[in-house]
Structures are given as structure tokens and as C-alpha cells.
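Next come the chains, spelled out residue by residue.
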Amino acid sequence: MTSPPRPDVFEAMHDLMHAYRARMVRAMAAVHPELTFNEVRALHFIGGHPGATQKELVRHSGADKAQVARMLGLLQDKGWLERQPNAEDKRSRCLTLSTEGAALYQALRAARQTLSASVLAGCDEATQAQLLALLERVRSNLDAMPTDPDEGCAHGTGP
């Protein structure tokens, strides 16, 4: 029988993500001061998945469709994004980075890798692999949970 999870584990993950995000925002501002965190995430996704659709970006980001559409319009207006007709579905567009967008993506990626290396300093490859496996297991457990917060919970024991 497993022991109940220690709440401080999730509090530590929460604190870690906030601290990491703050550092990431500063690192991204050094690359391009006008970028928002969500724009960085979109550029990173599109740079890593050229030809992805807006629907795939919405699914990945968890953001509202209209919010993503506005952001993509801004990225296109800035000259960083191109939208091409989707050969498989004429109603959707495939997203790719422009030449300028690709250069920005590479600069953002390099800044992210530098920050990640600093954060993981002192953790060898085996430790990093173990951490990643543990996080994937926790995420898998979370994904397997019912989407209705009341579903699967005994009365009075909510989330």
C-alpha cells in the first residue's frame, strides 16, 4: 500500500515552475523585449512542429481559440509567422516560421537551453532521465483522472 502524497511535493513543483518562468521571462526579454510568454510558447511550438495547425496549437497551449487566433495574427503582422493552406483540410492553415521568425526561434531556443543547463547543473544524465521519467509518470496519472472534478471522489474528499 502506498502512503498518501506529501503536499509539499506539489508545493515545491509549483514554486519551481514560478521561479523558472520568471527566469525564462527575463531570458526571453533579453532576446526580444516585446515578446510575451505566450508568444514565446507559440514560437517554440511552431518552430518544433513546422506545419502544425492552429487547432494543434490550441490543444497544446490549452488557450482559448480566439486568444490563439489573435496572437497568431500579431505574430504574422510582426513578420515572424506564415500561414499556408492545409493540403488535407482547406478550412485550416499550416503554421510555419518566416525566415525572421526562425532566427528568433533559434535565439529563444539557445537562451532556453542556457537557462536549462544552469538549472540542471550538478544533475548528471541519469538523474535528469530519472526526473523526466517521474514527471512523465505523474503527468500520466493526471491525464488518466476523470475530467469532472466530482467524478471518482468520495463525498467530502474533493480535490
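Here the structure is a predicted model, which means the values were calculated and not measured.

Enquirer: Hey, could you run me through the nonpolar core in this one?
Expert: One broad rule of soluble globular proteins: the nonpolar side chains tend to lie buried together. Membership of the largest hydrophobic core comes to 24 residues, with the highest contact counts inside it found for Leu35, Leu43, Ile46, Leu57, Leu72, Leu75 and Leu108. Elements that contribute at least two residues to this core include exactly α1 (7-31), α2 (37-48), α3 (54-61), α4 (65-77), β3 (93-97) and α5 (99-119). What Leu72 contacts, discounting residues up to four positions off in sequence, is Ile46, Gln54, Leu57, Leu81, Arg83 and Leu95.

Enquirer: I would appreciate a short explanation of α4 in the present structure.
Expert: Residues that lie three or four places apart on an α-helix share one face, since the helix turns once every 3.6 residues. Along its 13 residues, α4 runs 18 Å from first to last C-alpha, staying within 8% of the 18 Å computed at 1.5 Å per residue. Buried residues of α4: Val68, Met71, Leu72, Gly73 and Leu75, and no others. Buried residues belonging to α4 abut α2, α3, β2 (81-85) and β3. Backbone geometry just after α4 places Gly79 at a positive phi near 85°.

Enquirer: I'm lost on the packing of α2 against α5 in this one. Help?
Expert: To characterise two packed helices, one gives the angle between the axes of the helices and the distance between these axes. Two elements in contact, α2 and α5, have axes separated by 10 Å at closest approach and are oriented at 105°. The orientation of α2 relative to α5 falls into the category roughly perpendicular. Of the residues in α5, those in contact with Val40, Leu43, His44, Gly47 and Gly48 of α2 are Leu104, Tyr105, Leu108 and Arg112. Here the contact of α2 with α5 is built from residues that sort into 5 nonpolar, 3 polar and 1 charged.

What counts as what
Residues numbered from 1 in each chain as written. Predicted model: local features only at pLDDT ≥ 70, side-chain atom pairs only at ≥ 80, totals over all residues. Heavy atoms only, no water. Core = buried A, V, L, I, M, F, W, Y, C linked by side-chain atoms within 4.5 Å. Buried < 20%, exposed > 50% of the residue type's maximum accessible area, 1.4 Å probe, protein only. Helix = DSSP H or I, 4+ residues; strand = E, 2+ residues; numbered from the N terminus. Contact = heavy atoms within 4.5 Å. Expected span 1.5 Å × (residues − 1). Axes fitted to C-alpha atoms, helices over the stretch in contact; angles between N-to-C directions. Parallel < 35°, antiparallel > 145°, perpendicular 65-115°, else oblique. Nonpolar A, V, L, I, M, F, W, Y, C, P; charged D, E, K, R; others polar.

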